[in-house]
Amino acid sequence: MKIGIVLYPTFGGSGVVATELGKALSERGHEVHFITYNQPVRLGSFTKNLYYHEVNVSDYPLFDYPPYETVLASKLVDVVKFEKLDLLHVHYAIPHASAALMAKQILASQGIHIPFITTLHGTDITLVGRDPSFAPAITYAINSSDAVTAVSQSLKSDTYNHFEITRDIEVIPNFIEPEHYLPKPEKDFKAEYAPNGERIITHISNFRPVKRVADVVRVFKHISDAMPAKLLLIGDGPDRYKVEQLCRDMGTCKHTHIIGKLKKPEEVLCISDLFILPSESESFGLAALEALATGVPVIATRAGGIPEVIEHGVSGFLSEVGDVDNMAANSLKILESDESLKKFRKNAKMRSEVFSIEKILPMYTNLYNSVLEKNRELHTL
Ligand code: GMT
């Protein structure tokens with residue numbers, strides 16, 4: 001198959017999922033064309049069957065708001081036509097689904113019938129998409145997609161609750177490539193951060209308010225009062241200053257490293273003992289799945305799709321949003337002894353196998369095949 005994947009190239013989870021999906025498809029012989037405004041962070045190096053088409057919006061004094069969606073739609077028309085793509089798969093509804101719809105309509109007027117699949121990731125529905133200034137356009141683009149997927153059951157329900165959706169949504173969970181997360185012999189690196197054998201606690205996110213990173217610092221304060229521990233914060237975003245200030249106020253700075261954005265989170269996860277994800281809303285929690293895949297148990301909230309990933313009391317623990325005391329008590333249950341940590345580590349790794357690429361990829365390829373089949377039936381009558 002020849003597949004066009006539209007995505008955000010940045011550090012967000014949807015871009016990571018879309019890039020890893022494209023890479024996995026290309027390794028299995030499909031031709032994949034990434035279409036976006038910057039090189040996807042996880043794309044890596046020159047690989048067979050993978051192509052990247054950059055969308056450039058020209059600068060013009062009139063454009064206070066550069067018309068990205070229009071330029072993207074034009075790029076899609078061009079790539080579909082000249083690379084002879086079979087289908088488009090857009091990740092994150094805004095504005096990718098409406099750009100794909102526009103491209104589909106333009107191409108149809110030229111006798112080319114390209115189907116498009118929209119994958120909903122989270123904030124496109126739960127935060128931004130709910131904004132009335134987007135809702136009519138998003139609803140129409142979702143309903144006009146040839147197929148729609150959501151990364152969790154919770155996101156599927158949210159989509160039906162927040163929008164007038166008249167079509168089926170298939171749940172296809174996010175996935176990991178297990179071999180990316182094999183423990184590496186990084187003993188010295190661990191010793192640099194935890195020279196006296198301290199437990200290493202990690203959080204990875206885009207530091208947006210919805211992630212509640214301040215709660216990570218508060219939970220860490222309880223942990224470090226009870227046992228020697230270090231906190232590694234990975235990522236960057238609007239709440240970073242607030243979090244830095246909180247570390248100073250709580251006196252935890254000397255045990256905290258705010259590392260910033262990293263391309264390979266597994267390099268930090270493989271020296272970690274516990275991962276904390278205290279989000280207010282989270283459609284899936286890819287970072288938590290990456291932690292599990294590295295054998296790191298997760299302390300998280302019962303928000304959105306997180307309970308579909310973390311089994312309470314087995315691969316980690318779940319608490320109510322904002323219940324720092326409960327998250328801290330649960331962390332200590334895991335970290336209190338080497339035996340307990342070992343058991344949770346093993347369970348974490350086992351849980352992640354449910355989401356291995358070998359199990360999830362066929363869900364996408366089956367969907368692609370059925371969309372192509374329907375499209376053929378529709379246009380060869
Ligand atoms: O919030 C983020 O981390 C970014 C955002 C995105 O779309 O890039 O993530 C969403 O999609 C991820 C991949 O499907 C999910 O794992 C995240 O849970 C989801 N974020 C939220 O729902 C807040």
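Undergrad: Looking at this structure, I do not really get the sheet that holds strand β8 (residues 199-204). What am I missing?
TA: Across a sheet, paired strands are connected by hydrogen bonds in the backbone, their directions being either parallel or antiparallel. Pairing is parallel across the open sheet formed by six strands, whose spatial order is β10-β9-β8-β11-β12-β13. The open sheet is flanked by β10 (256-260) and β13 (316-319), the only strands paired with a single partner. When strand polarity is set aside, the average angle formed by the axes of neighbouring strands in this sheet is 20°. Set on the sheet, helix α9 (residues 240-250) makes contact with β9 (229-234) and β10; between it and β10 the angle comes to about 165°. Docked against the sheet, helix α11 (residues 286-293) engages β8, β11 (274-277) and β12 (298-301), running at close to 170° with respect to β11.

Undergrad: I'm lost on the sheet that holds strand β7 (residues 170-171) in this one. Help?
TA: One open sheet accounts for seven strands, arranged β3-β2-β1-β4-β5-β6-β7; its pairing is parallel. In this open sheet, the two strands that pair with only one neighbour each are β3 (50-54) and β7. Across four bridges, the pairing between strand β5 (residues 116-120) and strand β6 (residues 147-150) is parallel. Looking at the pairing, Thr119 lines up with Thr149 of β6. Most of the contacts of helix α3 (residues 93-108) go to β5, to which it runs at about 170°, and overall it touches β1 (2-6), β4 (87-91) and β5.

Undergrad: Sorry if this is basic, but what is going on with the pairing of strand β2 (residues 31-36) here?
TA: Here β2 lies mainly inside the structure; six of its six residues are buried. Burial of the side chains of β2 extends over both faces: Glu31, His33 and Ile35 are buried on one face and Val32, Phe34 and Thr36 on the other. Where β1 and β2 come together, five bridges link them in parallel fashion. Bridged to Gly4 within β2 is His33.

Undergrad: Teacher, can you tell me more about the environment of Leu21 here?
TA: By the element assignment, Leu21 lies in helix α1 (residues 13-27). Taking the C-alpha atoms as reference points, Leu21 and Glu177, separated by 156 residues in sequence, lie 9.9 Å from one another. If sequence neighbours within four positions are ignored, Leu21 has contacts with His89, His91, Phe175, Leu361, Tyr364 and Tyr368.

Undergrad: Is there a simple way to think about the packing of aromatic side chains in this case?
TA: Given two aromatic rings, their pairing is described by the distance between the two centres and the angle made by the two planes. With the rule as written, the count across this model stands at eight aromatic pairs. Both rings, one in Phe189 and one in Tyr193, keep their centres 5.4 Å apart while their planes meet at 80°; by these two values the pair is edge-to-face. Of this pair, Phe189 and Tyr193 both sit in helix α7 (residues 187-193), four residues apart, which is roughly one turn of that helix. Aromatic rings pair up to connect Tyr8, Tyr37, Tyr68 and Tyr92 into one cluster. The residue whose ring lies beneath Lys333 is Phe317, and the NZ or CZ to ring-centre distance is 5.0 Å.

Undergrad: I'm lost on the site of the ligand in this one. Help?
TA: In the vicinity of the ligand, 18 residues are found, and the nearest of them are His121, Asn174, Arg208, Glu282 and Ser283. The contact in question runs from an oxygen atom of the ligand to an N or O atom on the backbone of Gly285, over 3.0 Å. Within the backbone of Leu286, a nitrogen or oxygen atom sits 2.9 Å from an oxygen atom of the ligand. Residue composition of the shell around the ligand, grouped by class: four nonpolar, 11 polar and three charged. If you count residues domain by domain, the shell around the ligand takes at least three from each of domain 1 (2-175 + 357-379) and domain 2 (178-355).

Undergrad: Looking at this structure, I do not really get helix α5 (residues 135-144). What am I missing?
TA: Owing to its 3.6 residues per turn, the α-helix brings residues three or four apart onto one side. Those residues of α5 not exposed but buried are Ile138, Thr139, Ala141 and Ile142. Looking straight down α5, one finds its buried side chains confined to an arc of 170°; they lie on one side. Away from its buried face by more than 90 degrees, α5 exposes Pro136 and Tyr140. Its buried side turned inward, α5 meets α3, β5, α4 (123-126) and β6.

Undergrad: It is not clear to me how the side chain of Thr19 should be interpreted in this structure. Could you clarify?
TA: On the secondary structure map, Thr19 appears in helix α1. Using a relative accessible area of 1% as the deciding quantity, one classes Thr19 as buried. Looking at Thr19, its side chain comes within polar contact range of the main-chain oxygen of Gly15, at 2.6 Å. In this view, Thr19 contacts Leu7, Phe34, Pro40, Arg42 and Leu43; residues no more than four positions away in its chain are not counted.

Undergrad: I would appreciate a short explanation of the domain arrangement of the chain in the present structure.
TA: How large an interface is tends to be reported as the accessible area lost when its parts come together. With domains assigned, the chain is organised as domain 1 (2-175 + 357-379) and domain 2 (178-355). When each unit is reduced to the centre of its C-alpha atoms, the spacing between domain 1 and domain 2 is 31 Å. Taken together, the contact pairs 22 residues of domain 1 with 20 residues of domain 2. Counting every contact that joins domain 1 to domain 2 gives one salt bridge. Counting every contact that joins domain 1 to domain 2 gives eight residue pairs in polar contact (both at pLDDT 80 or more). Among the secondary structure elements, those contributing two or more residues to the side of domain 1 that touches domain 2 are α1, α4, α6 (153-162) and α14 (357-379). Considering every element that reaches the side of domain 1 that touches domain 2, the biggest residue donor is α1, with four residues.

Here is what the cut-offs are and how they apply
- Residues numbered from 1 in each chain as written.
- Predicted model: local features only at pLDDT ≥ 70, side-chain atom pairs only at ≥ 80, totals over all residues.
- Heavy atoms only, no water.
- Pairing = 2+ DSSP bridges.
- Helix = DSSP H or I, 4+ residues; strand = E, 2+ residues; numbered from the N terminus.
- Axes fitted to C-alpha atoms, helices over the stretch in contact; angles between N-to-C directions.
- Contact = heavy atoms within 4.5 Å.
- Buried < 20%, exposed > 50% of the residue type's maximum accessible area, 1.4 Å probe, protein only.
- Phe/Tyr/Trp six-rings, centres within 6.5 Å; stacked < 30°, edge-to-face > 60°.
- Lys NZ or Arg CZ within 6 Å of the ring centre and 35° of its normal.
- Near = heavy atom within 4 Å.
- Polar contact = N/O pair within 3.5 Å; in protein donor to acceptor, adjacent residues only side chain to side chain.
- Nonpolar A, V, L, I, M, F, W, Y, C, P; charged D, E, K, R; others polar.
- Domains from an automatic or database assignment.
- Arc of directions from axis to C-beta.
- Salt bridge = Lys/Arg side-chain N within 4 Å of Asp/Glu carboxyl O.

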